[in-house]
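Now for the letters of each chain:
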Amino acid sequence: MKNINNTQFREFVNKNSEAVIIDCRTESEWDEGRIKNAILLDLFESQLFMQKVEGFDKSKMYLVYCRSGSRSVAACQILESVGIKNVFNLTEGFTGWDGDILV
């Protein structure tokens, strides 16, 4: 896992159309706004989270964020535990995001 800032996150999204953006917040947090093209995968729903992650394409890039950057670290570690190597954490989380937001 590599920690990246807003600028790097945006660059990865723009340059890697196949990248998977994971929002690991809760559904109520998701409803407040999200990053474009993100998929919701609530880390607190641990069994479902693991089921989904185990089926992910290990060759893809995964960009992960949560509210403040803490839960996403744990989510990234789980991704790596199933053999995914190209994993990036948005250090400031959604609260620090300065890009476009979908509501």
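Just above, that's the structure.
Engineer: How would you explain the packing of aromatic side chains if you had to name every residue and give the values?
Structural biologist: The way to describe two aromatic rings as a pair is by their centre distance and the angle between their planes. For the coordinates displayed, the defined rule picks out five aromatic pairs. Taken together, a centroid distance of 6.4 Å and an interplanar angle of 85° make the contact between Phe-9 and Tyr-65 edge-to-face. Here Phe-9, found in helix α1 (residues 6-15), pairs with Tyr-65, found in strand β4 (residues 62-65); they are 56 residues apart in sequence, far enough to count as distant. Accessibility expressed as a relative area gives 0% for Phe-9, which makes it buried. Its relative accessible area of 0% is what places Tyr-65 among the buried residues. Plain terms: the ring middles of Phe-9 and Trp-97 are 5.5 Å apart, the flat faces sit at 75° to each other, and that makes the pair edge-to-face. Here the residue Phe-9 occupies a position in helix α1, and Trp-97 occupies one in the segment after β5 (87-90), the gap between them amounting to 88 residues. Each member of the pair, Phe-9 together with Trp-97, is buried. In textbook terms, an aromatic cluster arises when at least three aromatic residues are bridged by ring pairs, as seen for Phe-9, Tyr-65, Phe-94 and Trp-97. Note that Arg-10 overlies the ring of Trp-97, its terminal NZ or CZ placed 5.5 Å from the centroid.

Engineer: How would you summarise the nonpolar core if you had to cite specific residues and measurements?
Structural biologist: One finds Ile-22, Phe-56, Val-64 and Leu-79 to be the most contacted residues of the largest nonpolar core, which totals 17 residues. For this core, the leading source of residues is helix α4 (residues 71-81), giving three residues. Setting aside residues no more than four positions away along its own chain, Leu-79 makes contact with Ile-22, Val-53, Phe-56, Tyr-62, Val-64, Ile-84 and Val-87. Ile-4, Phe-9, Ile-35 and Trp-97 belong to the second-largest nonpolar core, a separate cluster that totals 14 residues.

Engineer: Please set out the pattern of salt bridges residue by residue, giving values where relevant.
Structural biologist: The full count for this structure, using the stated rule, is six salt bridges. Asp-98 serves as the salt-bridge partner of Arg-10, at 2.6 Å between the closest nitrogen and oxygen. Taken together, the residues span a long stretch of sequence, with Arg-10 in helix α1 and Asp-98 in the segment after β5 at a distance of 88 residues. For Asp-98, a relative accessible area of 53% gives the class exposed. For Arg-71, the salt bridge is made with Glu-29, and the minimal N-O distance between the two is 2.9 Å. Of this pair, Arg-71 sits in helix α4 while Glu-29 sits in helix α2 (residues 27-31), and the two are 42 residues apart along the sequence. Each member of the salt-bridge network shares a partner with another, and the members are Glu-29, Glu-32, Arg-67 and Arg-71.

The rules behind each value
Residues numbered from 1 in each chain as written. Predicted model: local features only at pLDDT ≥ 70, side-chain atom pairs only at ≥ 80, totals over all residues. Heavy atoms only, no water. Phe/Tyr/Trp six-rings, centres within 6.5 Å; stacked < 30°, edge-to-face > 60°. Helix = DSSP H or I, 4+ residues; strand = E, 2+ residues; numbered from the N terminus. Buried < 20%, exposed > 50% of the residue type's maximum accessible area, 1.4 Å probe, protein only. Lys NZ or Arg CZ within 6 Å of the ring centre and 35° of its normal. Core = buried A, V, L, I, M, F, W, Y, C linked by side-chain atoms within 4.5 Å. Contact = heavy atoms within 4.5 Å. Salt bridge = Lys/Arg side-chain N within 4 Å of Asp/Glu carboxyl O.

No statement about biological role is implied by the geometric values presented.
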